[in-house]
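A structural walkthrough
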Amino acid sequence: MRFSGNIVDGDCHATDDGVVWMSQGSNIESPGDSCDFGESSDMVNMTSAQLRLDALADNGGETETHLPMMGSVVIDAITAEQCTEVLPGSEQRLVSRPQGIGCDVGSVEVVPAP
Amino acid sequence: MGGFTSRTQIRATEPQRVPADILSRMLVDEFLPVYDVSDAVATVVQAEVATTWDALMQVDLIEVGRTRPMVGFLGALRALPEVVSHLLHGESPPQAPQRLRLHDTTNFPFGEGGGIYGSDALRFYGGDLSLSSLGLIEVQNSTISNNAANRGAGIHSISLRMTAWNSTFSGNVASDEGGALYIGGTTLGASTTHLTMSTIAKNTAPPGQRRPRGR
């Protein structure tokens, strides 16, 4: 199972030894370290205070999302260059990436206050 | 009955361009970018809602496709690159499912796959659920939330290729394993599952049921 640029607020479990978790970078796991996110751009053992994900809500777009709050480690955690390689274009709400100096990890890109 | 609509939130926006590193583009992608063949079959019956729902869940979508030549032709055309690719690599092309009832793809309220249950072939694309013979689940720009199942409350995928990006899995509750995702079938499903730029949060599975991860 390959991961790129995801937020996993929870954990990963395999039911047999044949399952391989393969990070391709820029993933964030909270609160533990269970998904083999071992790339230098990955962040693990993040606390909820560091993750600062707001509740599922209407944040614009067609679907409800978890918006990272100000100060969240996910904001601009991916360099603009890396972001272009991972997933160019826009995020879940169709807001273009990046906003600010880099891309946010996860499905939502926070638009900085003007 | 009818838990699919009342328990599940699956909405999405218009499809985006598929990233080149996820699916290689082919000529057919220009003309048939997705399995978007539509066909309408209307049958008026005088029956209780529950009876009608039960009958609906037994409809075999494979059989419907067989009786609609245009649907079958376009489906086969879309599958052609995949089949040819497998043959060129000396592999056996994926076989179409023999039967695909709605009952096989959704199982409520506490079965397997609260949001999406894929036993052979599902393609979830920008809010539309369509069926293919390729053993593929695609989820993009979608939120799969507040589903309940024994396994894989968000998505239950067995021996499928699955790709999800720009999507949110939230508040899904599994009574056994896999709150957000349950990926089974290590030879194909787990090794060909890609999760990109997505948020998995607030999903739950009982701690006592979890098994250690194999390293």
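Position labels on residues start from 1 in each chain and follow its written sequence. The lettering of chains begins at A and the numbering of ligands begins at 1, in the order of writing. With the structure being a predicted model, the display of local features is reserved for residues of pLDDT at least 70 and the display and counting of side-chain atom pairs for 80 or more, all residues being used for whole-chain, interface and lining totals.

What follows deals with the overall build of chain A. A count of helices and strands for chain A gives 2 helices and 8 strands. Helices and strands in chain A line up, N terminus first, as β-β-β-β-α-β-β-β-α-β. When contacts within chain A are restricted to residue pairs at least 6 apart in sequence, those whose partners lie at least 24 apart make up 36%. Each helix corresponds to a stretch of at least 4 residues labelled H or I by DSSP, and each strand to a stretch of at least 2 residues labelled E; elements are numbered beginning at the N terminus. By the convention adopted here, residues make contact when the C-beta atoms placed from their backbones lie within 7 Å.

Counting secondary structure elements, chain B contains 6 helices and 14 strands. Looking at chain B as a whole, 40% of its 215 residues are labelled buried. Our exposure labels follow a C-beta count within 10 Å of each residue's own C-beta, placed from the backbone: buried means 20 or more other C-beta atoms, exposed means 12 or fewer, and partly exposed covers the counts in between.

With that out of the way, let us pick up the nonpolar core. In terms of nonpolar packing, the biggest core is built from 38 residues, with Ile 7, Ile 28, Val 74, Ala 77, Ile 78 and Val 105 of chain A together with Ile 200 of chain B touching the most fellow members. Put simply, the parts of the chain that give this core at least two residues each are strand S2 (7–10) and helix H2 (80–86) of chain A together with strand S5 (136–140), strand S9 (161–165), strand S12 (181–184) and strand S14 (199–201) of chain B. The element best represented in this core is S9 of chain B, accounting for 3 residues. In these notes, a nonpolar core means any group of buried Ala, Val, Leu, Ile, Met, Phe, Trp, Tyr and Cys residues linked to one another through C-beta atoms within 7 Å.

Now for unusual backbone geometry. Residue and element names in this part refer to chain A. The peptide bond linking Ser 30 to Pro 31 adopts the cis configuration, its omega dihedral lying at 0°. One can find Pro 31 in strand S4 (residues 28–31). For the bond from Arg 97 to Pro 98, the omega torsion is -10°, close enough to zero to count as cis. Following the sequence through the fold, Pro 98 ends up in the loop between H2 and strand S8 (102–103). One non-glycine residue with positive phi stands out, namely Ser 26, at about 65°. Checked against the element boundaries, Ser 26 lands in the loop between strand S3 (22–23) and S4. Accessibility expressed as a C-beta count within 10 Å gives 30 for Ser 26, which makes it buried. Notably, Asp 76 is not glycine yet its phi reads approximately 55°, a positive angle. Within the element layout of this structure, Asp 76 appears in the loop between strand S6 (65–68) and strand S7 (78–79). Classification of Asp 76 by C-beta neighbours within 10 Å gives buried; the count is 20.

The subject of this paragraph is the pairing of strand S6 (residues 142–145) of chain B. Residue and element names in this part refer to chain B. Burial along S6 is two-sided: Ser 142 and Ile 144 and Thr 143 and Ser 145, pointing in opposite directions, are all buried. Two strands are said to pair when DSSP picks up at least two bridges between them. Judged from the 3 bridges that link them, S6 and strand S10 (residues 168–170) form a sheet pairing that is parallel. Directly across from Ser 145, in S10, lies its bridge partner Ser 170.

Quick look at the environment of Ser 175 of chain B now. Residue and element names in this part refer to chain B. Mapped onto the elements of the fold, Ser 175 is located in strand S11 (residues 173–177). Ser 175 sits in the partly exposed class, given 15 other C-beta atoms within 10 Å. Remark: the alpha-carbon pair of Ser 175 and Ala 148, spanning 27 residues in sequence, is separated by 7.7 Å.

Moving on, we get to the confidence of the model for chain B. Residue and element names in this part refer to chain B. Confidence of the predictor at the level of single residues is given by pLDDT, which spans 0 to 100. On average, residues of chain B score 63 in pLDDT, and 44% of them reach the 70 mark or higher. Mean pLDDT per element in chain B: helix H1 (residues 3–7) is the minimum at 26, and S14 is the maximum at 91. The low-confidence segment residues 106–115 (pLDDT under 50) makes 41 contacts with residues lying over four places distant or belonging to another chain. Model confidence for the complex is summarised by a pTM of 0.62, with the ipTM given as 0.95.

Two faces, one strand: in a regular strand the side chains alternate between the faces of the sheet. Residues of strand S13 (residues 193–196) of chain B alternate between two faces, with Thr 193 and Leu 195 of chain B on one and His 194 and Thr 196 of chain B on the opposite face, all of them buried. Of the strand pairs in this sheet, strand S1 (residues 2–4) of chain A and S13 of chain B are connected by 3 bridges, and their pairing is parallel. Across the sheet, the residue bridging to Phe 3 of chain A is Leu 195 of chain B, located in S13 of chain B.

Attention shifts here to helix H5 (residues 69–88) of chain B. All names here are of chain B. A helix is expected to span 1.5 Å for every residue after the first. Taking 1.5 Å per residue as the helical rise, H5 with its 20 residues ought to reach 28 Å, and the 28 Å between its terminal C-alpha atoms agrees with that figure. Along H5, the helix axis deviates most sharply at Ala 79, where the bend reaches about 40°; the proline Pro 81 sits within four residues downstream. Following H5 by one or two positions, Gly 90 has its phi on the positive side, about 70°. Two axes are fitted around each residue, one to the seven residues ending there and one to the seven starting there, and the angle between them is reported as the bend at that residue.

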